[in-house]
There are 2 protein chains.
Amino acid sequence: MTATLQNDSFLRACLRQPTDHTPVWLMRQAGRYLPEYRATRGQAGSFMGLATNTDFATEVTLQPLERYKLDAAILFSDILTVPDAMGLGLSFALGEGPKFAHPVRDEAAVAKLEVPDMAKLQYVFDAVTSIRKALNGRVPLIGFSGSPWTLACYMVEGAGSDDYRLVKTMLYSRPDLMHRMLKVNADAVATYLNTQIEAGAQAVMIFDSWGGVLADGAFQTFSLDYTRRVLAQLKREHNGQRIPHIVFTKGGGLWLEEIAATGADVVGLDWTVNLGKARQRIGHLAALQGNLDPNVLFASPEQIRTEVQKTLDNFGPWARGDGLGAGHIFNLGHGISQHTPPESVSALVDAVHEYSPRMHTRR
Amino acid sequence: MTATLQNDSFLRACLRQPTDHTPVWLMRQAGRYLPEYRATRGQAGSFMGLATNTDFATEVTLQPLERYKLDAAILFSDILTVPDAMGLGLSFALGEGPKFAHPVRDEAAVAKLEVPDMAKLQYVFDAVTSIRKALNGRVPLIGFSGSPWTLACYMVEGAGSDDYRLVKTMLYSRPDLMHRMLKVNADAVATYLNTQIEAGAQAVMIFDSWGGVLADGAFQTFSLDYTRRVLAQLKREHNGQRIPHIVFTKGGGLWLEEIAATGADVVGLDWTVNLGKARQRIGHLAALQGNLDPNVLFASPEQIRTEVQKTLDNFGPWARGDGLGAGHIFNLGHGISQHTPPESVSALVDAVHEYSPRMHTRR
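Per-chain numbering applies: the sequence of each chain, read as written, is numbered from 1 onward. Going through the entries in the order they are written, you letter the chains from A and number the ligands from 1. Only residues with pLDDT of at least 70 are given local features in this predicted model, and only at 80 or more are side-chain atom pairs given and counted; all residues enter the totals for whole chains, interfaces and linings.

(A) Up close: the overall build of chain A. Starting at the N terminus, helices and strands are each numbered in turn, a helix being any DSSP run of H or I of at least four residues and a strand any DSSP run of E of at least two. Counting its secondary structure elements, chain A contains 15 helices and 11 strands. Its C-alpha atoms give chain A a radius of gyration of 19 Å, near enough to 21 Å, the size a compact globule of 363 residues would have. Dimensions of chain A along its principal axes, counting C-alpha atoms only, are 60 × 45 × 45 Å. Any residue surrounded by 20 or more other C-beta atoms within 10 Å of its C-beta is treated as buried, while 12 or fewer makes it exposed and the intermediate range makes it partly exposed; C-beta atoms here are placed from the backbone. Buried residues in chain A amount to 55% of all 363 residues. Here, residue contact means that the backbone-derived C-beta atoms of the two residues sit within 7 Å. Within chain A, residue pairs in contact and separated by at least 24 positions form 73% of the contacts whose partners lie at least 6 positions apart. The quantity called the radius of gyration is restricted to C-alpha atoms. Its globule counterpart is 2.2 Å times the number of residues to the power 0.38.

(B) Quick look at the relation of the copies chain B and chain A. The superposition of copies rests on a least-squares fit of C-alpha positions from residues with pLDDT of 70 or more in both. Least-squares fitting of chain B to chain A yields an RMSD of 0.0 Å, with the transformation described by 0.0 Å of translation along the axis and a rotation of 180 degrees. Such a combination of rotation and displacement between the chain copies is what one expects of a two-fold axis. Closest approach to the rotation axis within chain B is made by the C-alpha atom of B:L254, at a distance of 3.1 Å.

(C) Up close: helix α13 (residues 275-282) of chain B. Residue and element names in this part refer to chain B. Within α13 the residues assigned to the buried category are L275, A278, R279 and I282. The buried residues of α13 all sit within an arc of 105 degrees when viewed along its axis, so they share a single face. Of the surrounding secondary structure, the elements contacted by the buried residues of α13 are α12 (256-260), β9 (266-268), β10 (287-292) and α14 (301-315). Read the arc as the range of directions from the helix axis to the C-beta atoms.

(D) Representation of the sheet that holds strand β4 (residues 141-146) of chain B in the model. Residue and element names in this part refer to chain B. Here, any two strands with at least 2 DSSP bridges between them count as paired. Reading across from one edge, β1-β4-β5-β8-β9-β10-β11 is the order of the seven strands in this open sheet, with parallel pairing throughout. Only two strands of the sheet have a single neighbouring strand rather than two, namely β1 (73-74) and β11 (328-332). Bridge count for β9 against β10 is three bridges, and the pairing is parallel. Each bridged residue has a counterpart across the sheet, and for G268 the counterpart in β10 is Q289. α14 contacts β10 and β11 of the sheet and is inclined by roughly 155 degrees relative to β10. Axis lines are fitted to C-alpha atoms, over the contacting stretch for helices. Their N-to-C directions set the angle, which ranges from 0 to 180 degrees.

(E) Representation of the pairing of strand β4 (residues 141-146) of chain A within the structure. All names here are of chain A. Within β4, six of the six residues are buried, leaving the element largely enclosed by the surrounding structure. With burial as the criterion, each face of β4 is covered, one bearing L141, G143 and S145 and the other bearing I142, F144 and G146. Note: strand β1 (residues 73-74) against β4, two bridges, orientation parallel. The residue bridging I74 from the neighbouring strand is I142, located in β4. The sheet contact formed by β4 and strand β5 (residues 203-208) spans five bridges and is parallel.

(F) Representation of the environment of A:H328. Residue and element names in this part refer to chain A. Positionally, H328 belongs in strand β11 (residues 328-332). Between the alpha carbons of H328 and N239 there is a distance of 25 Å; along the sequence they are 89 residues apart. In contact with H328, not counting residues within four places along its chain, are A13, T22, A287, L288 and F315.

(G) How the structure looks around the interface of chain B and chain A. The interface is formed by 26 residues belonging to chain B together with 26 residues belonging to chain A. For the side of chain B that touches chain A, the element with the most residues is helix α9 (residues 165-173) of chain B, which contributes five residues. Only Asp, Glu, Lys and Arg are considered charged, only Ala, Val, Leu, Ile, Met, Phe, Trp, Tyr, Cys and Pro nonpolar, and every remaining residue, Gly among them, polar. Its residues assigned to classes, the side of chain B that touches chain A shows nine nonpolar, 12 polar and five charged.

(H) Quick look at the packing of α13(B) against α14(B). Residues and elements named next belong to chain B. At a minimum axis separation of 6 Å, α13 and α14 run at an interaxial angle of 25 degrees. Between α13 and α14, the angle is such that the two are roughly parallel. Viewed along their axes, α13 and α14 form a crossing whose handedness is right-handed. Contacts from L275, G276 and R279 of α13 reach α14 at T311, N314 and F315. Tallied by class, the residues present in the contact of α13 with α14 amount to two nonpolar, three polar and one charged. We call two directions roughly parallel when the angle between them is under 35 degrees, roughly antiparallel when it is over 145, roughly perpendicular when it lies between 65 and 115, and oblique otherwise. Crossings are assigned a handedness: left-handed for a near helix turned anticlockwise from the far helix by less than a right angle, right-handed for a clockwise turn.

(I) Fine view of helix α7 (residues 122-135) of chain A. Residues and elements named next belong to chain A. Helix span, as expected, comes to 1.5 Å for every residue beyond the first. A rise of 1.5 Å per residue sets the reference length of α7, with its 14 residues, at 20 Å; its end C-alpha atoms lie 20 Å apart and thus fit the reference within 8%. Of the positions making up α7, those classed as buried are V124, F125, A127, V128, I131, R132 and L135. One side of α7 holds all its buried residues, which, seen down the axis, span an arc of 155 degrees. Along its buried surface, α7 packs onto α4 (54-67), β1, α5 (81-88), β4 and α10 (175-199). Count one or two residues on from α7 and you reach N136, which has phi positive near 50 degrees.

(J) Geometry of the environment of A:K69. Residue and element names in this part refer to chain A. Mapped onto the fold, K69 is located in the loop between α4 and β1. Placed 54 residues apart in sequence, K69 and Y123 show a C-alpha to C-alpha distance of 28 Å. Once residues within four sequence positions are removed from consideration, K69 is found in contact with V349 and H353.

(K) Highlighting the environment of A:Y164. Inspection of the secondary structure assignment puts A:Y164 in the loop between α8 (148-157) and α9 (165-173). Along the backbone, A:Y164 and A:Q338 are 174 residues apart, and their C-alpha atoms lie at a distance of 24 Å. Beyond its immediate chain neighbours, meaning those up to four positions away, A:Y164 contacts A:C153, A:E157, A:V213 and B:N295.

(L) Looking closely at unusual backbone geometry. Going from A:G290 to A:N291, the amide bond is cis rather than trans, its omega being 0 degrees. Even without being a glycine, B:N136 presents a positive backbone phi close to 50 degrees. Positionally, B:N136 belongs in the loop between α7 (122-135) and β4. Of note, B:N239 is a non-glycine position whose phi angle comes to about 50 degrees, a positive value. Position of B:N239 relative to the elements: it lies in the loop between β6 (237-238) and β7 (241-242).

(M) Region of the structure containing the sheet that holds strand β8 (residues 245-249) of chain A. Residues and elements named next belong to chain A. If you trace the seven strands from one edge of the open sheet to the other, you get β1-β4-β5-β8-β9-β10-β11, paired in parallel fashion. With partners counted over all chains shown, the strands left at the sheet margins are β1 and β11, one partner each. When β5 meets β8, the two strands line up parallel, connected through five bridges. Each bridged residue has a counterpart across the sheet, and for M205 the counterpart in β8 is I246.

(N) Spotlight on the pairing of β10(B). Residues and elements named next belong to chain B. Buried residues dominate β10, accounting for six of its six residues. Note on handedness: a clockwise path from strand one over the helix to strand two, with the strands aimed away from the viewer, defines a right-handed crossover. Running through α13, the crossover from β9 to the neighbouring parallel element β10 is right-handed. Across five bridges, β10 lies against β11 in parallel orientation. Bridging across to β11, Q289 finds its partner in I329.

(O) Structural context of the packing of helix α8 (residues 148-157) of chain B against α9(B). All names here are of chain B. Here α8 crosses α9 at 110 degrees, and the two axes come no closer than 8 Å. In this view, α8 runs roughly perpendicular relative to α9, as classed from their interaxial angle. Along its contact with α8, which presents A152, C153, V156 and E157, the element α9 presents L166, V167 and M170. The class makeup of the residues in the contact of α8 with α9 is six nonpolar, no polar and one charged.

(P) Highlighting the confidence of the model for chain A. The predictor reports its confidence for every residue as pLDDT, a score running from 0 up to 100. Mean pLDDT for chain A: 96, with 98% of residues reaching 70 or above. For this predicted complex, the interface score ipTM comes out at 0.95, alongside a pTM of 0.96.

Structure representation (structure tokens):
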């Protein structure tokens, strides 16, 4: 369980400590673009069958590490496990997104919500411990959850949405209900992430996938305030090791200063943000994670390499002594597409490892 | 045709001239949320049946003006008329978005593209002239088109998309093809808008609805450069009247300075942008249009009024003499939802008219 970590570049970068290259991992790196993932999912029968089985979850988490020189692993799970444990009935129809059988749409449903018994999420913690063991110190393991607001979106809409009409109707017309739901979500997410840390997660990430659909003002009140409530409860250390906290708000580029001011160690960026400008804005407060457009992976290996280099150049050399702060974890700006050719990921990961050391030369 | 304009508040605000109230209109104000629109569409049989019939198009354009004290009318049409005229075969299946029968996905299809004969769009220009006559000087008429990039998205994808994979694959792997398509689109859009101006449009708006899905860098190269190419060709005056140019990039909040630097008279803002901060950034260069979340219209009239006041307060008093520039056109941050209760629009429009005069008191 406590095998020595052989590659700590990811954890060092999260804490803005010097590294010899820029670490890289990809959101949804264990996923449908990999034929070996599809084979395991076929055996498991369903997405939740995969996520709730310790052996399968361990197997698919490690699959991308066998193929690519990734610097971190991320727990194979879903952002919606917490509302599922609240009794909302999560399912994934084939080829569709997540669905809840019992969405939360009125005062009575909101009143019934409470922080779920973590025993219902034991399959997640078991997977964390099992993956950590299987990794045997190769790279660190990242745990994660959806943000309180992102969970609320799915809990009210009952599924994905393109206009967020139901959840925003509740937000604007019954802010009292929305605040109650978000409080429960925040406390549940904090407990959930702390239990992942105790089970072996070496960093934790909060996915605020839908923060960017909120209006300015509403974002601060209904998303960021509750992300802050989670962060305030999170363990900062476990077994003497610092546990970095990562916050990723898709579409949050206008609010980077406010996101960094939460005290998150790492701020995730989508591809609309210029990495150099983001570093000027918040690089002294947090490390940055991102931010290549996943669609770049549909271009040729040469073109992928060029875009990887541009991204690394946008961040710039780490040790330039101008007080900008230096910590960059290479990633996509969003989850990898299921249609991605697996060879494209090799081109990306290899390019980061080949090109990034020049960003780490001491000046 | 040249009836004297009785309410020029919209045109004055576009040019950052003093007005006695903040003018208001709503994107997609003539649309499915109105029962009278649904009745006319029923008669017309289809969306394109409605848009291509001068009488119907005139009727539905004026419908919201009969109900609400709106300060501008906008041509009833679609952003995709230009690629339809290029021969791509636009259709709207009931309850679905637009579809093209012949998407543009390879070198041969791109090579065939050219600026369409404007005669194929005569129905649009006829509608403009007819609406202008029917308005008889009540309020000004806005013409519009999709931006070159937004047209390209639909032309390549063939329909709406949630990941823009096909169009971005072309962009990253065959930028030469994408540039050729965007050049044709830009020249076609410029000709199209100029012909709308000649037919009677008193302002024109470029909808860059999908500019915000691009990565930083790609946005400038593949969207903004071609919006600039359109603007460079647009008439600035017609019959001695200034014709304001409006550019709206949904999700463009990070790039406001660059958008304003195109020389557009008005920059449209979605709800993620803080209007006061946007004014500080670009209010001296352009008027601002926006930016209430359309989902506010699902709250109560009192709550709508509160949100309208917040929006007007965010922009602030027009005459504060601090060099920030003053021009605000109240609008939503995106098109109105078809599910909106019509009474909510009364609450919004009346609140703008009641509350905004205090923003226009000379100090």
